[in-house]
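Commentary on secondary and tertiary structure
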Amino acid sequence: MTITIYHNNACSNSRGALALIREAGVEPEIIEYLKTPPTRAILVDLIDRAGLTARGAMRDKGEIYEQLGLSDAALSDEQLVDAMMAHPELINRPFVVTEKGVRLCRPPEIVKEIL
């Protein structure tokens, strides 16, 4: 099975999902999305395949979220994706991709649905 994880090692949920993948006997492709952000097309695809909205895929904590006024409910998905493209730290994590689907693995145990 091929698995890709959009990973941030500073995040306990991301580390937890990675550990569960490895416990399942698979070494995933690890994309450190803060160093290598996904393209807009890939990010939109991840969001869509995970069954989320852009807001649902956005990290709503932190200084940048507040500074950019991203809690404004009037912002469109396109505007939220623009913000995530400009500031990858706004992308919630970890996204995990397998042949069985895509999930935002918060909590990490959600990864078991697609292993």
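Residues numbered from 1 in each chain as written. Predicted model: local features only at pLDDT ≥ 70, side-chain atom pairs only at ≥ 80, totals over all residues. Heavy atoms only, no water.

1. Things to note about the environment of alanine 50
With respect to the helices, strands and loops of the structure, alanine 50 is situated in the loop between α2 (40-49) and α3 (63-67). Sequence separation between alanine 50 and serine 76 is 26 residues; the distance between their C-alpha atoms is 18 Å. Not counting residues up to four positions away in its chain, the partners in contact with alanine 50 are Phe95, Val102, Arg103 and Leu104. (Helix = DSSP H or I, 4+ residues; strand = E, 2+ residues; numbered from the N terminus. Contact = heavy atoms within 4.5 Å.)

2. Some points on the packing of α2 against helix α4 (residues 77-86)
As a packed pair, α2 and α4 sit with axes 11 Å apart at the nearest point and diverge in direction by 125°. In this view, α2 runs oblique relative to α4, as classed from their interaxial angle. In this structure, α2 meets α4 at a crossing whose hand is right-handed. Residues Arg40, Leu43, Val44 and Ile47 of α2 lie in contact with α4, whose contacting residues are Glu78, Val81, Asp82, Met84 and Met85. Class assignment for the residues of the contact of α2 with α4 results in 6 nonpolar, no polar and 3 charged. (Axes fitted to C-alpha atoms, helices over the stretch in contact; angles between N-to-C directions. Parallel < 35°, antiparallel > 145°, perpendicular 65-115°, else oblique. Left-handed = near helix turned anticlockwise from the far one by under 90°. Nonpolar A, V, L, I, M, F, W, Y, C, P; charged D, E, K, R; others polar.)

3. Section: the side chain of arginine 93
Looking at the secondary structure, you find arginine 93 in the loop between α4 and β3 (95-98). The side chain of arginine 93 sits in the buried core without any salt bridge; glutamate 89 is the nearest counter-charge, 8.8 Å away. Every residue in contact with arginine 93, bar those within four places of it in the chain, is listed here: Tyr6, Asn8, Cys11, Asn13, Ser14, Tyr33, Arg59, Leu104 and Arg106. (Buried < 20%, exposed > 50% of the residue type's maximum accessible area, 1.4 Å probe, protein only. Lys, Arg positive; Asp, Glu negative; His and termini not counted. Salt bridge = Lys/Arg side-chain N within 4 Å of Asp/Glu carboxyl O.)

4. A closer look at the nonpolar core
Counting 21 residues, the largest nonpolar core has Tyr6, Ile47, Met58, Leu70, Met84, Leu90 and Phe95 as the members making the most contacts within it. Looking at this core, the elements with two or more residues in it are α2, α4, β3 and β4 (101-104). With 4 residues, the single largest contributor to this core is α4. Contact partners of tyrosine 6, with chain neighbours within four places excluded, come to Ser14, Ile31, Tyr33, Pro38, Ile42, Leu46, Arg93, Pro94, Phe95 and Val97. (Core = buried A, V, L, I, M, F, W, Y, C linked by side-chain atoms within 4.5 Å.)

5. Describing the pattern of salt bridges
Summed over the entire model, instances satisfying the criterion amount to 5 salt bridges. Measuring nitrogen to oxygen at the nearest pair gives 2.8 Å for the salt bridge that ties glutamate 113 to arginine 103. You can see glutamate 113 sitting in the segment after β4 and its partner arginine 103 sitting in strand β4, a full 10 residues away along the chain. Since its relative accessible area comes to 25%, arginine 103 is described here as partly exposed.

6. Overview of the sheet that holds strand β1 (residues 4-7)
Pairing in this open sheet of 4 strands is mixed, and the strands run β2-β1-β3-β4 from one edge to the other. Strands with a single pairing partner mark the edges of an open sheet, and in this sheet they are β2 (29-32) and β4. The average angle at which neighbouring strand axes cross in this sheet is 15°, direction not considered. Here β1 pairs with β2 via 4 bridges, running parallel. Paired with isoleucine 5 across the strands is isoleucine 30, a residue of β2. Seen against the sheet, helix α1 (residues 12-23) touches β1, β2 and β3 and runs at an angle of roughly 160° to β1. In the packing of α2 onto the sheet, the strands contacted are β1, β3 and β4, and the crossing angle to β3 comes to about 80°. (Pairing = 2+ DSSP bridges.)

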